[in-house]
Amino acid sequence: MSAASAPIDGDNRQGIGSSPRRNEDRRFLDGKGEYVADIRVPGMSEAVFLRSPIAHGRIRSVEVPPEHQGKVFFAADIAFAKPIVAASAAPNFQRSDYPPLAVDKVRFVGDIVAICIAPTRAEAEDIAQACVIDFEELPPIWDIDVALAPDAPLIHDHWTNNLYVETRIETGDIEAARKSAPVTVRKSLRMGRHAGVSLECRGVVAHYDRRLDELVIYSSTQFPHVIRSILAECLGVSEGKLRVIAPDVGGGFGIKNNFNPEELAIAALSLKLGQPLRWIEDRREHLIASPHAREHRYELTAYADQSGRVLALDAVVVVDAGAYSVWPWTASMEAGMSAGIMTGPYDIPIYRGVARTVCTNKSPMGPYRGVGRSGACFAIETLIDEVARSVGRDPIDVRIENMVRPESMPYRSATHKLYDSGDYPECARRTAEAIDVAAIRKRQTEVSPDGRLIGLGMASYTEQTAHGTAEWVARGLPVVFGYEPALARFTPDGKLVLFVGIQNHGQGLETTLAQVANQELAIPVADVIVRHGDSSVSPYGMGTFASRSMTMAGGAVSAACAQLAEKIRRIGAHLLQAPRDEVHLADGRVHFGTQSVAFKDVCQAAFLHPERLPEGEDPALEVNAVYQPGRSTGAFSYATHACVVAVDPGTGHTEILDYVVCHDCGTMVNPMIVEAQVVGGVAQGLGTALYEEIPYDENGQPLASTFLDYMIPGATEVPDVRVLHMETPSPHTRFGIKGMGEGGAIAPPAAVLNAVNDALRSLNAAVTETPVTPERILDAIASSAGQRVSA
Amino acid sequence: MKVTISLTVNGAQIRRDVEPRTSLADFLREELRLTATHLGCEHGVCGACTVMVDGAPARACIALAVSLDGAEIRTVEGFAEDAAMGVIKEAFHQEHGLQCGFCTPGMLISARDLIARHPEADDVGIRRAMSGNLCRCTGYQGIVRSIKSAARQLSSQGKQP
C-alpha cells in the first residue's frame, strides 16, 4: 500500500494519484504565456554577441568601424565582472576561468568576444558582422585523441595537460576476477555529441529598477535563486540588490540549468551603462554555443560465468567536456555520474570505473536530461547483450538473472549508491511480456516481404532522484542542493498561494503542487495558485533539475499545508462551536456533522476579524516550511524499455515498430503527467539514439548548426509509446514519491542500439555508436561483409 | 528605407512603415506586440511561428512583412472567439497536448487547419500533417490525441472550422 492511500481528512479526488487537468494550460493555450523574448522594458536596447568564428586562437585586435564606435563592448568594459569558476573538490581537478567575454584567447567556435548593442536585433547583428577580429590562430583541439596527444597544445595555458580531471571507483578485486572468470567480453562504444534544444532558446533581459535600487534580470533559467547568488558574487554586489526572474520558460532539459557567461555579460553591461538590455539567443547560437550534451567514449570489459552472470565490470568513461567547466556542475559531472551508476540495476559486486574528463575546443558540456546515466545505461546494457550472446543465451534472460533482487533492497551497489526499493526483475518481465518477445522472435525467423530486418532491444536503468545534502556534498560541487522550501499563504477570501523555489517549465508543477495541497487541505486544485521563478517572490530555493522538484517541493508544500490544516481545523471548530477532534476538512470547508464553514470564512476570521479566533490563536494563515528527504541517498526510480525496429539493410534506415516502457517512480502524484513525462523523455532519447549529432571537423568547426542539418524527432519519427506503471513507494520521501522527469530519456539509446544490432545479427554486423544513422548502419554492414570476404 | 504596408491582422486594419527585411514574425511581435507567435528557429523549420496568411498556414519567420501588403493575417490571438479553436484548445487541455507551451500556438494553428481540411485524418495522417511543427516536450502523443479528440467533437457537433 502506498503512503498516499493512508487515511486523511477530506476529499481525495484531486489529491495524490488523480489526474486533474493542468492549472497552467489556459494561459499557454490563449497565447498569453510570457517568455523572456516577450518582455520589453522602456528604453531597452537589443544585444547581439560577436562570437568567435574559429576554435582556438589569440585575439590580436578587433576592428570596429567608426560608425559603430560606442556600440561594441569588450572584456575591458566589464572588467569588474569576475570570471565564472566552476571547480570540483576533486584534488587533481584543473581549474580555469570562464570569463563573460573572452579576455585574450578564444577557446571554441561561439566563444564570446564582444557585445554589440542597437535599437533592434537586426541592427545589432549588422554591427557584429561589420567587426573584424584579427586572430593568431592556434591548432584546434577538435577531438579527445587530439587533446590527449603528448605534445598537444594547451587550451588553458597554465594547465599541465588537457585533462580536467580523472576519478576512479574501485570495489572488490578486479584483477582476481580477470584471472578467474570463464567468460570475458569487451566492448568499445561511442555516444555522439549533441545539443539540448529547448524549443525556446535562451535569453536575458536586464534593467535597473531605480525605485528599489536593484538590478532586475529576466533569464530563461531553471534556477533563478541560485543564479542570483552566483551573479551577486561575480558582479560584486549584494544579493539584496539583485532580483532574478525566470518567466515562462519554453523547455529546459538541463541546458538552462547553468550559470552562463551570457547572463553575466548582459547583467554586467546593463549595470555599467545604466541601460536596459535584451539578448535573445538564435537557433544557430543555441546549437553551437549553448552547453552541449553527451559525447562519451567507453572501453568496457565484463567478466562473467558460463551462464552469463556478470562477476565483475571494468569501465573507462571518457567525456569530451569542451572548453570550459560549467557552473555549478563542473566539467566532471557527466563522466563522474556515468561511472558512478555504471552497474545500473545489476548486482555486480566487483567494479573498477575510471572517469576521464577531457578539455577540447568545443562548446562546454552541461547537464542534459538523463545526465551521465544515459551513457552508463548505453554502456552496461549493450555489454549485457554481448555477454548473453557470448554464452549463447537470450539477452532478456541474462538481463533479469543479473538484476538486483527485490529481497536485497535496500541494496548498496559497487558504485556506493544505496538503492532504496523496487522490483527490477518484475519490471523487466512486464516489459518483455508487453512487447511480446515470443511473437517477435517468431517474426524474426520469417522472411519479411520488404527485405527489412527485425530487431528487439531492451534496456533497463535505475536513477537516483531527490538525493539530499550528503550526496551533493560527496559530489564536491560549489552549491549543495539538499532541500527545498515552500511558503503556503491563504488570502483573506480563501484562496491558497504556494510560493516555491522550484521553476516550472512544462512539468505541470502548478498543478501537481496544488494536488499536494489538496491532499493535506482538501482545497480544490483550482483554488490553489503556485508562484515560482522569482527570487523576490518565493523563499530561496534550488530550482528544477535532477528529477527533484515533485519530491522536494512536494514535501515542503505538504509540510506547510499540514500545519495550515491543523490551524484551519482549530479555527473552524471554534467557529462551528464544535470539539476540535470532531471536525474534518472536505471540499474547501470545515465540516462538523451536517454543519460546515467555508475556508473563506476561516480566512476572514484569520485575517480580517481576529476577534473571531479562538483564545490564544495567532491571526493570519501562512506557514513557511523547508523539506529534506528522510535520507540523503536518494529515491531510485527505475524502468525497462523495449523496442522493436525494422532495419532496411539497403538504405540503412531504421523504423521503430513498437516501444514499451515499464517504470516505477514510487507514488505517482498525477499519472497523466507522469506518463507524458515518460513519453516526452523517450522522444528525446530517440533523438540521441537516432538523429541528433553535432560533429566537429578537424578545424574545430561544428558541422550542424541549423534545424536543417541538426535533426530533432518530429511527429512522424516518434512512435506511440506504451507505458506501464509500477508503484513502489520510496521509504525516504513524503508520500513515497520518487523523481521521474529525466528517466524517459535514459534508456532509448541503449534499447535502440540493442534492437538494431539484434536486427543486424544475421549479417554479423554491429553498430557501436550513436546516433545510429543510416550511414553508420551501412558502414557496419559493409565492414562485416569485408571481414567475411577476407576471412 | 522603410516601406508603407497595409494589411489586416486579426480583423484590424493596420498601416505601418516597415524595413524591407523585417519578417512577419518580428512585425507581429515587436511592432504589434502580438507575442503569441513564437520563434523557435527563425529559419522555417520548427513551426512555432505558424500563422494564417490569407487562409493558409505559413511560417511567419520566413515571410517578409513588406511582401504581405494587402494580406489577411490571423494569429492565435485572433482565434480567441473562434468556436472551433475553442474546442481544439479544450481538447489540448483534456488530452495533455502541451507541456512548456512554447510550440503550442503554432500547433493550434496547424491543428485547426488540418481539421478543416481533413476532419477524418487518422493517427498516421495527423502525424504527417503535423510533421512541420516540432515539439521538444510531449513526444507528440498528447498532441495527436488532442487533435483526434477535437476533430471527433467538431464533426459530431457539425462545427467544422
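Remember, it's a predicted structure, so these values are computed and weren't measured experimentally.

Enquirer: Tell me what's going on with the overall build of chain B, and back it up with residues and numbers.
Expert: Along the backbone of chain B there are five helices and five strands. Scanning chain B from its N terminus toward the C terminus, one meets helices and strands in the order β-β-α-β-β-β-α-α-α-α. Here chain B has a C-alpha radius of gyration of 16 Å; the compact-globule value for 161 residues is 15 Å, and the two agree. Along the longest, intermediate and shortest principal axes, the C-alpha atoms of chain B span 50 × 30 × 20 Å. Contacts in chain B between residues at least 24 apart in sequence constitute 62% of all its contacts with a sequence separation of at least 6.

Enquirer: So, the domain arrangement of chain A: which residues are in play, and what are the values?
Expert: Residues and elements named next belong to chain A. Each assigned domain of chain A is listed here: domain 1 (3-33 + 483-627) and domain 2 (369-466 + 634-790). Between the C-alpha centres of domain 1 and domain 2 the distance comes to 39 Å. The interface of domain 1 with domain 2 comprises 20 residues on the first partner and 23 residues on the second. At the level of elements, helix H14 (509-521) and helix H15 (549-576) are the ones that each hand at least two residues to the side of domain 1 that touches domain 2. By residue number, the principal contributor to the side of domain 1 that touches domain 2 is H15, which donates six residues. Here the side of domain 1 that touches domain 2 is composed, by residue class, of seven nonpolar, twelve polar and one charged.

Enquirer: So, the interface of chain B and chain A: which residues are in play, and what are the values?
Expert: Residue-level contacts link 40 residues of chain B with 39 residues of chain A. Those elements giving two or more residues to the side of chain B that touches chain A turn out to be helix H2 (83-94), helix H3 (104-117), helix H4 (123-129) and helix H5 (141-156) of chain B. If one sorts the elements of the side of chain B that touches chain A by residue count, H2 of chain B sits on top with four residues. Among the residues making up the side of chain B that touches chain A, the classes are represented as 19 nonpolar, 14 polar and seven charged.

Enquirer: If you had to explain the sheet that holds strand S2 (residues 57-63) of chain A to someone new, which residues and values would you point to?
Expert: Judged by pairing direction, the sheet is antiparallel, and its three strands sit side by side in the order S4-S2-S6 (chain A) without closing on themselves. Both edges of this open sheet fall to strand S4 (105-106) and strand S6 (132-137) of chain A, since each of them pairs with a single strand only.

Parameters at a glance
- Along every chain, residues carry numbers that run from 1 in the direction the sequence is written.
- Chains carry letters and ligands carry numbers; both start at the beginning, A for chains and 1 for ligands, and go up in the order they are written.
- Where local features are concerned, this predicted model is filtered to residues with pLDDT of at least 70; where side-chain atom pairs are given and counted, the filter is 80 or more; whole-chain, interface and lining totals use all residues.
- Numbering of helices and strands runs from the N terminus; a helix is a DSSP stretch of H or I covering at least four residues, while a strand is a stretch of E covering at least two.
- For the radius of gyration, the atoms used are the C-alpha atoms, and the globule rule reads 2.2 Å times the number of residues raised to 0.38.
- For every residue pair, C-beta atoms are placed from the backbone, and the pair is scored as a contact if these atoms sit within 7 Å.
- Domain boundaries shown here were taken from an automatic or database domain assignment.
- Charged residues are taken to be Asp, Glu, Lys and Arg, nonpolar residues to be Ala, Val, Leu, Ile, Met, Phe, Trp, Tyr, Cys and Pro, and polar residues to be all remaining types, Gly included.
- Two strands form a pair only when DSSP identifies at least two bridges running between them.

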